[in-house]
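# Structural overview
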Amino acid sequence: MLRIYQNTYRRTAKRAVVYSTKVVCCNHSTLCNINGHPRRTQRAGASWERYSQNQRDGFLAHNQAKGWTIPPSRGYGMLVVRILRGAMKLRYLVLGGAIGGGVSLSKKYEDWKDGLPDLKWLEDALPQGEKWSQFSRKLIEVGSVVKEAIDIDPKLKQLGEDKLTEWRSWFDNRLDDAIEAADYQGTHIVETKDDIKAKTTVAALGISADESRKKYDKLQSQVETLQTEIMNVQIKYQKELEKMEKENRELRQQYLILKTNKKTTAKKIKKSLIDMYSEVLDELSGYDTGYTMADHLPRVVVVGDQSSGKTSVLESIAKARIFPRGSGEMMTRAPVKVTLAEGPYHVAQFRDSDREYDLTKEADLSDLRREVEFRMRASVRGGKTVSNEVIAMTVKGPGLQRMVLVDLPGIISTMTVDMASDTKDSIHQMTKHYMSNPNAIILCIQDGSVDAERSNVTDLVMQCDPLGRRTIFVLTKVDLAEELADPDRIRKILSGKLFPMKALGYYAVVTGRGRKDDSIDAIRQYEEDFFKNSKLFHRRGVIMPHQVTSRNLSLAVSDRFWKMVRETIEQQADAFKATRFNLETEWKNNFPRLRESGRDELFDKAKGEILDEVVTLSQISAKKWEEALNEKLWEKLSNYVFENVYLPAAQSGSQNSFNTMVDIKLRQWAEQALPAKSVEAGWEALQQEFITLMEKAKKSQDHDGIFDSLKAAVVDEAIRRHSWEDKAIDMLRVIQLNTLEDRFVHDKNEWDQAVRFLENSVKSKLVQTDETLSQMFGPGQITRITHWKSLTQDQQKRRSVKGELDKILKNDSKHLPTLTYDELTTVRKNLQRENVDVDTDYIRQTWFPVYRKHFLQQALHRANDCRKAYYLYSQQGAECEISSSDVVLFWRIQQVIKVTSNALRQQVINREARRLDKEIKAVLDEFSDDEEKKAQLLTGKRVLLAEELIKVRHIQEKLEEFINSLNQEK
């Protein structure tokens, strides 16, 4: 400031002479008429002052000879001008200071104005035309009135000039004292190095040792006073700067709010650079883990010993206490990636969540800390203590420095009993992995309240960055270090002379007083007060003021972060271009006629095909549904009809007993098991028809076999979840009971259908029985000869038993289903005569299939006899000479199946097909969100190559977008 005042004074003093008449300039002997021309007057006056008095007298004599007269008042005017020039020096000094300050302020204002957002869109909202002109005129009139009303008191003006003169004199004295003290201090240093030179110097100066010491102490106190004053001035300026930044943030906040709430068609706010860069890192983190390109992009890695204050430093940079706290307990169990960005509101949000946490509210802060702790503990699996799973979150707020930081678990030297055995090694490997990134900025945190020799992190940092080209050293808890540690050791730490590691910069911060409830504002105020009053940093000159406070640290880290981003981002983009070219070439060589479809696209295509099949299912005709349901119902019910109704009733011996037993068993069946079995048959028929449609689709020309596994899994899962409506069972029970109450065949057509149904059913059972007998007795003679087969010993025994049983059935064609004891004894003895020894159980096992075949053959003969007996049945009813009970039974069963299939068809078309459609859609939606499931069901070289190509292409586009925005910001 003093230099500015002196230069301004000299310039203005040379231009202060003003003439009011004609003067002669010796410059090229030119006569200059300077009346009414201030600039010429100044130049002429300056030229006249350069000459001596003799030269001036000569010029005057020459002028008189030429007849050029000079008025007598000119000499007095010159004298008055000189007096005014001397008197107005102080005024020029003030004017020069005001001009210099105005220029500086104008430049500062222009820089601040350039940083403001574009407000051109407000032109639509402001008045235009004549209204704006009227408003401007009114505003100018008000300004002129205010200007006339303000009058500066001359006493105050004189008082200001006196104070300025006094301050200038004081500053000159202080400057001389400081120069003298510096010279003396240099002489004193020489004394301490060499006693002989000290004595010579003191003798030469003629000063005694006591006087020298007193003078040195006095100068030392003056220097300390100057240092204190300079520090106070710097703090004052810093507060003013923070105040201006706060006002700027408020303006930006109001601007963003107005722009967001604007209802007109405004342009969408572009993403910030840090948001775009964070998205690039997120994309790279989801890329192939074996690909190391993701680790080559810059980020700030926060490392340090456990409880060294890493998390507190990060919170101070983020201006919010967002992490959980613990007393000596390991809290950071997984890497936490924090993206800092500027925004109108101070909020935080996880990458995989839509909720925003308001960091100005304590309730939201508590929820955020609990969520962070929950995610950390959830990421630790399998008995581990730490995890490599990254927890990503974004913190936005006014005035935040844009950067990406990764907080890692603290390095430990000793494990506790509740930790996994590999915890220490896992933390070391994780820390080395992040620091080994050649473009990572290492924020090395060292606890200032403990002995430096106990540090574990400095050795790791020195291994990964031996030259210190990307390391920033931070000394925390300096307030405790001032009380406990040796000041010389702290001085060595902060000057980089204690540790063998090197760093770009050394910073000292205070992250609180150890209180969990302190807010960030309280911590920052405590930090500012500490550095303002600290003896260690004030009166001993340990470090420069820019090396203290979290704010300066944040600015330095952000500046280094963006510098490294600009240096490395294009290299990464070029690497991805080469990778993309290689993948595209491989795709063209292997799949020339197919487009690169990733899992998501393939899944959507498969989803469309499945839903199309569901639509086709609803278009199946009613006739086809009834045929499928009839077939499935009889498949489910036939075994019960034969084994539990028909065969037991046939053993009754008389037609009346047969009908009575049939009625009882059918009613019990209809009340209990029949409705549920019918629903089960309906669901299986629905499933079978849907699978049939899916199989038919596979035979089409445009079928893609890559979807088969996915389709099968979706159908199986949907069928497993689907269940028939419960009320359908009650409805079917009523219908079936009412149908079974009808015991009379009404017309010839129904009679013929019942006969055919009986014959087909009996024949089907005969086929099954023959298969059982074939397995039991072995192949026939022709088959044995043609296929070179022989009978086993058991089969030979069975054949011998069958021969004796056939004799019994031949003698009594209406034999009961069971053998008597006498019959069993007779068969056994007859076999013993043939040297075949069997027991009674063996004989019974052989009897059941033999008798079943005999019974079914007789039933088939009765059905054949009833073909033309409907007229006789219609006349005589149950008293018909021909046994028609079998036909009536199967007619009743047939009617039950018909009404049941009709009811099930209506339920399928109206309800169940739609419910199955919903289940399939629900399964597809779940599968679409399950990346592991899609990766499991959509596999193959084609899918893997397409996925990698799509990811590389997407990452490259993100990188190019970020680079373009970065270049525009430059």
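Residues numbered from 1 in each chain as written. Predicted model: local features only at pLDDT ≥ 70, side-chain atom pairs only at ≥ 80, totals over all residues. Heavy atoms only, no water.

The name an unreviewed UniProt entry assigns to the protein chain is Dynamin-like GTPase OPA1, mitochondrial, from the organism Drosophila lebanonensis.

For the rest of this paragraph, the subject is the packing of aromatic side chains. For the coordinates displayed, the defined rule picks out 17 aromatic pairs. Residues Trp 587 and Phe 591 carry aromatic rings whose centres are separated by 4.8 Å and whose planes lie at 45° to one another, so their mutual orientation is tilted. The exposure classification of Trp 587 matches that of Phe 591, with both residues buried. Every member of this aromatic cluster is reached through a ring pair, and the members are Trp 634, Phe 642, Tyr 646, Phe 658, Phe 757, Trp 847, Tyr 851, Phe 855 and Phe 890. Taking the ring centre of Phe 350 as reference, the NZ or CZ of Arg 375 above it sits at 4.1 Å. Arg 402 extends its terminal NZ or CZ atom over the ring of Trp 562, reaching a point 4.9 Å from the ring centre. (Phe/Tyr/Trp six-rings, centres within 6.5 Å; stacked < 30°, edge-to-face > 60°. Buried < 20%, exposed > 50% of the residue type's maximum accessible area, 1.4 Å probe, protein only. Lys NZ or Arg CZ within 6 Å of the ring centre and 35° of its normal.)

Glancing now at helix H13 (residues 423-435). The end-to-end C-alpha distance of H13, which contains 13 residues, comes to 18 Å, matching closely the 18 Å that a straight helix rising 1.5 Å per residue would cover. Restricting attention to buried positions, one finds in H13 the residues Thr 423, Ile 427, Met 430, Thr 431, Tyr 434 and Met 435. The arc that holds the buried residues of H13, viewed along the axis, is 125°, so those residues lie on one side. Of the surrounding secondary structure, the elements contacted by the buried residues of H13 are strand S3 (300-304), strand S8 (403-407), strand S9 (441-447) and helix H14 (457-464). (Helix = DSSP H or I, 4+ residues; strand = E, 2+ residues; numbered from the N terminus. Expected span 1.5 Å × (residues − 1). Arc of directions from axis to C-beta. Contact = heavy atoms within 4.5 Å.)

With that out of the way, let us pick up the packing of helix H20 (residues 599-617) against helix H34 (residues 941-969). Following both chains from N to C, one finds H20 and H34 inclined at 125°, their axes separated by 9 Å at the closest point. With respect to H34, the axis of H20 lies oblique. Residues Arg 599, Asp 600 and Leu 602 of H20 lie in contact with H34, whose contacting residues are Arg 942, Val 943, Leu 944 and Glu 947. Considered class by class, the residues forming the contact of H20 with H34 number 3 nonpolar, no polar and 4 charged. (Axes fitted to C-alpha atoms, helices over the stretch in contact; angles between N-to-C directions. Parallel < 35°, antiparallel > 145°, perpendicular 65-115°, else oblique. Nonpolar A, V, L, I, M, F, W, Y, C, P; charged D, E, K, R; others polar.)

Looking now at the environment of Ser 800. Along the chain, Ser 800 turns up in helix H28 (residues 793-811). A relative accessible area of 22% places Ser 800 in the partly exposed class. Taking the C-alpha atoms as reference points, Ser 800 and Asn 830, separated by 30 residues in sequence, lie 9.7 Å from one another. Apart from residues no more than four positions distant in its own chain, Ser 800 is found in contact with Leu 831, Glu 834 and Val 836.

Let us look at the pattern of salt bridges. Tallied over the entire structure, the rule returns 43 salt bridges. Its salt-bridge partner being Lys 636, residue Glu 680 comes within 2.8 Å of it at the nearest N-O pair. Here Lys 636 lies in helix H21 (residues 622-650) and Glu 680 lies in helix H23 (residues 674-698), a separation of 44 residues in the sequence. In this structure Lys 636 comes out as partly exposed when scored by relative accessible area, which is 22%. In this structure, the salt-bridge partner of Arg 721 is Glu 717, at a minimum N-O distance of 2.8 Å. Taken together, the residues Arg 721 and Glu 717, both in helix H24 (residues 708-721) and 4 residues apart, mark about one turn of the helix. Arg 721 gets classed as partly exposed once you look at its relative accessible area, which sits at 28%. (Salt bridge = Lys/Arg side-chain N within 4 Å of Asp/Glu carboxyl O.)

As a further point, take the packing of H20 against H23. Contact geometry of H20 with H23 gives a least axis separation of 10 Å together with a crossing angle of 125°. On the basis of their axis angle, the class for H20 and H23 is oblique. The hand of the H20/H23 crossing is right-handed. Contacts from Ile 610, Glu 613, Val 614, Thr 616 and Leu 617 in H20 reach Leu 686, Glu 689, Phe 690, Leu 693, Met 694 and Ala 697 in H23. Counted by class, the contact of H20 with H23 contains 8 nonpolar, 1 polar and 2 charged residues. (Left-handed = near helix turned anticlockwise from the far one by under 90°.)

As a further point, take the nonpolar core. Ranked by size, the top nonpolar core spans 96 residues in total, and within it Leu 889, Ile 893 and Ile 920 carry the most contacts. A per-element tally of this core places helix H32 (residues 885-929) first, with 16 residues. Counting only domains with at least three residues in this core, you end up with domain 2 (597-743 + 882-949) and domain 3 (749-877). Leave out the neighbours within four places in its chain, and Ile 893 touches Trp 634, Val 641, Leu 666, Trp 669 and Phe 757. Val 313, Met 376, Ile 441 and Val 509 belong to the second-largest nonpolar core, a separate cluster that totals 66 residues. (Core = buried A, V, L, I, M, F, W, Y, C linked by side-chain atoms within 4.5 Å. Domains from an automatic or database assignment.)

Moving on: the pairing of S9. Strand residues, when the strand is regular, have side chains that alternate between the two faces of the sheet. In terms of burial, S9 is largely enclosed, as 7 of its 7 residues are buried. Side chains of S9 alternate between two faces, with Ile 441, Leu 443, Ile 445 and Asp 447 and Ile 442, Cys 444 and Gln 446 buried alike. Across 5 bridges, S3 lies against S9 in parallel orientation. The residue bridging Val 303 from the neighbouring strand is Cys 444, located in S9. Both S9 and strand S10 (residues 471-476) contribute to a ladder of 6 bridges, which runs parallel. Bridge pairing in S10 places Ile 442 opposite Thr 471. (Pairing = 2+ DSSP bridges.)

Turning our eyes to something else, we now look at the confidence of the model for the protein chain. Any region with low pLDDT has predicted coordinates that should not be read closely. On average, residues of the protein chain score 75 in pLDDT, and 71% of them are at 70 or above. Contacts of residues 182-205 to residues separated by more than four positions or lying in other chains number 10 contacts, the stretch itself having pLDDT below 50. In the predicted structure, residues 262-269 sits below a pLDDT of 50 and forms 5 contacts with residues beyond four places in sequence or in another chain. (pLDDT = per-residue confidence, 0-100.)

Take unusual backbone geometry next. Phi at Lys 319 is positive, roughly 60°, even though this residue is not glycine. Look at Asn 835: it is not a glycine, yet its phi comes out positive at around 60°. On the secondary structure map, Asn 835 appears in the loop between helix H29 (821-833) and helix H30 (840-865).

Right, let's talk about the sheet that holds S3 for a bit. In spatial order, the strands read S6-S5-S7-S4-S8-S3-S9-S10-S11; together these 9 strands make up an open sheet with mixed pairing. At either margin of the open sheet sits one strand with a lone partner, and together these are strand S6 (357-358) and strand S11 (505-508). Summarising the sheet, strand S5 (residues 347-350) and S6 pair through 2 bridges and their orientation is antiparallel. In the sheet register, Ala 348 faces S6, and the bridge partner there is Tyr 357.

Attention now moves to H21. Each α-helix winds once per 3.6 residues, and so residues spaced three or four apart point in a common direction. Along its 29 residues, H21 runs just 37 Å from first to last C-alpha, ending more than 12% under the 42 Å computed at 1.5 Å per residue. Of all the bends in H21, the largest measures some 45° and sits at Val 641. (Bend = angle between axes of the 7 residues up to and from the residue.)

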